[in-house]
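# Descriptive structure summary
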Amino acid sequence: MRQIKVHTGAVLAAGLIAGLAGCGSSSGGDSGNGPPKTDRPTAAAARQRQGGAEIATVRGSRIAVHKQKGDGAAWKTLSSPNEMGATRVFLVDVRDGGWLKVLLPIRPNGSTGWVKASDVTLSSTTRRVEIDPKAFSFTVFDGDKVLRTGKVATGEGGTPTPPGRFYFTELVRPPDPDGAYGAYAFGLSGFSPTLKTFAGGPGQLAVHGTNKASALGGKASHGCVRVSNDDITWMAENLAIGTPVVVTK
Amino acid sequence: MRLKSLITAAALGVGLTGTGLVAAEAAAATPTPVTTSPGHLPPNHPGGKPSGPGDPSNPGQPPAAAPPGKAIPGTPNYTG
């Protein structure tokens with residue numbers, strides 16, 4: 001009986017050693033012990049072709065953002081949750097070793113910075129939203145497949161909706177679904193080019209519902225992209241925070 | 001005398017059994033790397049970093065699909 005117990009302990013110890021060895025070979029992936037580097041560009045290229053994107057969710061209560069990867073001092077420190085109370089996320093632009101180049105939700109639109117991969121958790125999405133201001137329409141894609149399309153209202157002349165690549169920074173449910181923001185509002189990582197502040201906020205853009213469906217199909221907003229309440233509700237139920245949103249020229 | 005020897009042997013056996021039990025428990029108690037969510041293990045725990053999808057320290061695994069966003073109740077202050 002004694003010998004069996006000791007043997008069990010030896011087997012467990014051997015299994016532990018083997019497990020730790022395997023973990024050690026994979027946990028140092030970003031330092032070169034992971035999969036061969038030749039595999040990484042292939043995987044990234046495949047995701048690009050499928051229109052996929054990676055979303056970086058901040059771990060902890062703040063994250064250091066650097067101008068260049070490998071910089072010692074941080075260029076900015078962003079809090080999590082963000083100003084709207086949502087866990088901070090970024091859309092990943094480039095992966096390079098233990099660093100990620102990410103889109104930043106700051107002015108000017110399209111700003112990027114570098115964060116350490118170990119400071120975030122990665123997830124992915126194959127879905128994206130494209131806004132066509134000329135056609136006053138939106139299309140939600142899953143790879144190459146069209147999931148949904150509908151009408152939008154964009155910014156009026158003095159408060160245009162700027163073109164660019166953005167992402168959903170948070171999802172807010174207004175207290176009154178029959179109000180100006182409709183049933184839901186997805187904050188965007190971009191800002192109005194003309195409004196520095198609005199309603200006490202920093203002039204942040206959004207994709208949101210509306211209580212003026214008749215205005216869809218034209219220029220009516222202060223820069224936000226308005227969609228019907230049915231469409232924003234569908235988006236809220238099917239799109240992740242961090243989903244890319246492209247506003248074409 | 002014989003009884004004494006038997007008692008001694010039994011005591012020794014119990015002691016050695018206890019040692020084996022302790023060794024087995026010590027081995028079993030040593031954490032083994034498992035796939036967990038980030039909240040379950042400290043990030044600097046040896047082998048404790050989540051090794052599942054989405055873990056930057058395991059780039060061979062594709063990140064897991066992000067679920068639909070969770071709505072925060074509140075009054076937006078977007079440009080509208």
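Residues numbered from 1 in each chain as written. Chains lettered and ligands numbered in written order. Predicted model: local features only at pLDDT ≥ 70, side-chain atom pairs only at ≥ 80, totals over all residues. Heavy atoms only, no water.

### Observations concerning the overall build of chain B
Going by this rule: The secondary structure listing takes helices from DSSP runs of H or I that are at least 4 residues long and strands from runs of E that are at least 2 residues long, numbered from the N terminus. Only protein chains enter the accessibility calculation, which uses a 1.4 Å probe. A residue is then buried if its area is under 20% of the maximum for its type, exposed if over 50%, and partly exposed in between. Here the open area of atoms and residues is found with the Shrake-Rupley method and a 1.4 Å probe, where only the protein chains shown may cover a residue.
Helix and strand counts for chain B stand at one helix and two strands. Traced from its N-terminal end to its C-terminal end, chain B shows the element sequence α-β-β. When burial is assessed residue by residue, chain B has 28% of its 80 residues classed as buried. For chain B, the accessible surface area stands at approximately 4,900 Å², while carbon and sulfur atoms represent 68% of it.

### Observations concerning the sheet that holds strand 5 (residues 99–103) of chain A
Spelled out, the test is: A pair of strands is treated as paired once DSSP finds two or more bridges between them.
One open sheet accounts for six strands, arranged 6(A)-5(A)-4(A)-1(A)-7(A)-1(B); its pairing is mixed. The open sheet terminates on both sides in strands that have one partner only, identified here as strand 6 (112–116) of chain A together with strand 1 (64–65) of chain B.

### Describing the pattern of salt bridges
All names here are of chain A. Put simply, the test is: Counted as salt bridges are all cases of a side-chain nitrogen of Lys or Arg within 4 Å of a carboxyl oxygen of Asp or Glu.
For the structure on display, the rule yields seven salt bridges over all chains. The residue Asp96 makes a salt bridge to Lys69 at a minimum N-O spacing of 3.5 Å. One end of the pair, Asp96, is in strand 4 (residues 89–96); the other, Lys69, is in the loop between strand 2 (62–65) and strand 3 (76–79), and 27 residues separate them in sequence. Arg148 serves as the salt-bridge partner of Asp231, at 2.8 Å between the closest nitrogen and oxygen.

### Observations concerning the pairing of strand 2 of chain A
All names here are of chain A. Burial along strand 2 is one-sided: the face carrying Ile63 and Val65 is buried and the face carrying Arg62 and Ala64 is not. Pairing analysis gives four bridges linking strand 2 to strand 3, with the strands arranged antiparallel. Paired with Ala64 across the two strands is Thr77, which belongs to strand 3.

### Concerning the domain arrangement of chain A
Residue and element names in this part refer to chain A. As a reminder of what qualifies: By convention here, the domain bounds are inherited from an automatic or database domain assignment. We call two residues in contact when some of their heavy atoms are within 4.5 Å. Accessible area that two parts lose when put together, evaluated with a 1.4 Å probe and summed over both, is termed the buried area.
The assigned domain composition of chain A is domain 1 (37–125) and domain 2 (127–247). Each of domain 1 and domain 2 was reduced to a C-alpha centroid, and the two centroids are 23 Å apart. Across the boundary between the two partners, domain 1 contributes 19 residues, which contact 24 residues of domain 2. Carbon and sulfur atoms make up 53% of the surface buried where domain 1 meets domain 2, a total of about 1,700 Å² over both sides. Of all residues in domain 1, the largest losses of buried area upon contact with domain 2 belong to Leu91, Arg107 and Asn109, amounting jointly to 34% of the total for that side. If you look at where domain 1 meets domain 2, you find one salt bridge. Looking at the side of domain 1 that touches domain 2, the elements with two or more residues in it are strand 1 (53–58) and strand 4.

### Focus on the layout of surface pockets
Applicable threshold: Grid points spaced at 1 Å over the protein atoms alone were grouped into cavities, where a 1.4 Å probe fits but cannot get out, and pockets, open sets with protein on both sides within 12 Å along at least five of seven lines, with lining residues defined by an atom within 4 Å of a point. Grid points are joined across faces, edges and corners, and a volume is the space filled by probe spheres set on the points.
One number sums up the size of the second largest pocket: a volume of about 290 Å³. Lining of the second largest pocket is provided by 18 residues; of these, Thr87(A), Val89(A), Ile241(A), Gly69(B) and Lys70(B) occupy positions nearest its centre. For the lining of the second largest pocket, the secondary-structure elements that each account for two or more residues are strand 1 and strand 12 (164–173) of chain A.

### A look at the side chain of Asn77(B)
By the element assignment, Asn77(B) lies in the segment after strand 2 (72–73). A relative accessible area of 18% means that Asn77(B) is categorised as buried.

### Remarks on the UniProt feature "active site" (unreviewed entry) in chain A
Condition: UniProt positions are given in the numbering used here, feature names are shortened, and annotations may be inferred rather than shown by experiment.
Sequence positions flagged by UniProt for "active site" (unreviewed entry) are, in local numbering, His208(A) and Cys224(A). Of the residues just listed, which span 17 residues, no C-alpha pair is farther apart than 7.5 Å, and they cluster in one region. Checked against the element boundaries, His208(A) lands in strand 14 (residues 204–208). Among the residues examined, His208(A) registers a relative accessible area of 0% and is labelled buried. If we ignore the near neighbours within four places in the chain, the residues touching His208(A) are Ala180(A), Tyr181(A), Tyr184(A), Ala185(A), Cys224(A), Val225(A), Arg226(A), Val227(A), Ile232(A) and Gly80(B). In this fold, Cys224(A) is placed in the loop between strand 15 (219–221) and strand 16 (225–226). With relative accessibility at 0%, the residue Cys224(A) sits in the buried group.

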